[in-house]
Amino acid sequence: MSISQELLEILVCPQCKGDLQLTETQDGLVCERCRLLYEIRDGIPIMLPEEAKPLA
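Here the structure is a predicted model, which is why all the values come from computation and not from measurement. (Residues numbered from 1 in each chain as written. Predicted model: local features only at pLDDT ≥ 70, side-chain atom pairs only at ≥ 80, totals over all residues. Heavy atoms only, no water.)

Draft legend 1. Inspection of the overall build of the protein chain at higher detail. Counting secondary structure elements, the protein chain contains one helix and five strands. Helices and strands appear in the protein chain in the N-to-C order α-β-β-β-β-β. The C-alpha atoms of the protein chain give 10 Å as radius of gyration, which agrees with the globular expectation for 56 residues (10 Å, within 12%). Dimensions of the protein chain, computed from the C-alpha atoms along their principal axes, are close to 25 × 20 × 20 Å. Burial analysis of the protein chain (56 residues in total) assigns 34% to the buried set. (Helix = DSSP H or I, 4+ residues; strand = E, 2+ residues; numbered from the N terminus. Rg over C-alpha atoms; globule rule 2.2 N^0.38 Å. Buried < 20%, exposed > 50% of the residue type's maximum accessible area, 1.4 Å probe, protein only.)

Draft legend 2. Up close: the pairing of strand E2 (residues 28-31). Side-chain alternation along E2 places Gly28 and Val30 on one buried face and Leu29 and Cys31 on a second face that is also buried. Bridge count for strand E1 (residues 21-22) against E2 is two bridges, and the pairing is antiparallel. Bridge pairing in E2 places Leu22 opposite Leu29. The loop that links E1 with its antiparallel partner E2 comprises five residues; one of these, Gln26, has a positive phi angle of about 60°. Both E2 and strand E3 (residues 36-41) contribute to a ladder of four bridges, which runs antiparallel. Note that in E3 the partner of Gly28 across the bridge is Glu39. (Pairing = 2+ DSSP bridges.)

Draft legend 3. View of the pattern of salt bridges. Enumeration according to the criterion identifies four salt bridges in this entry. A salt bridge links Arg35 to Glu32; its shortest N-O distance comes to 3.0 Å. The class of Glu32 is partly exposed, set by a relative accessible area of 48%. Salt bridges linked by common partners bring Glu39, Arg41, Glu51 and Lys53 together as one network. (Salt bridge = Lys/Arg side-chain N within 4 Å of Asp/Glu carboxyl O.)

Here it is in structure tokens:
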């Protein structure tokens, strides 16, 4: 399930309020500044910093 373009345009990183980029596989949103991956589960982005995965 894909996330809508309208939602992508308004979402920001909950920690730094920076821009988010959709992953190539469209299963997560990446904040380059915080180096975090926010997963998308069943079409819903999980925007909780404690649930985010650090990027390698």
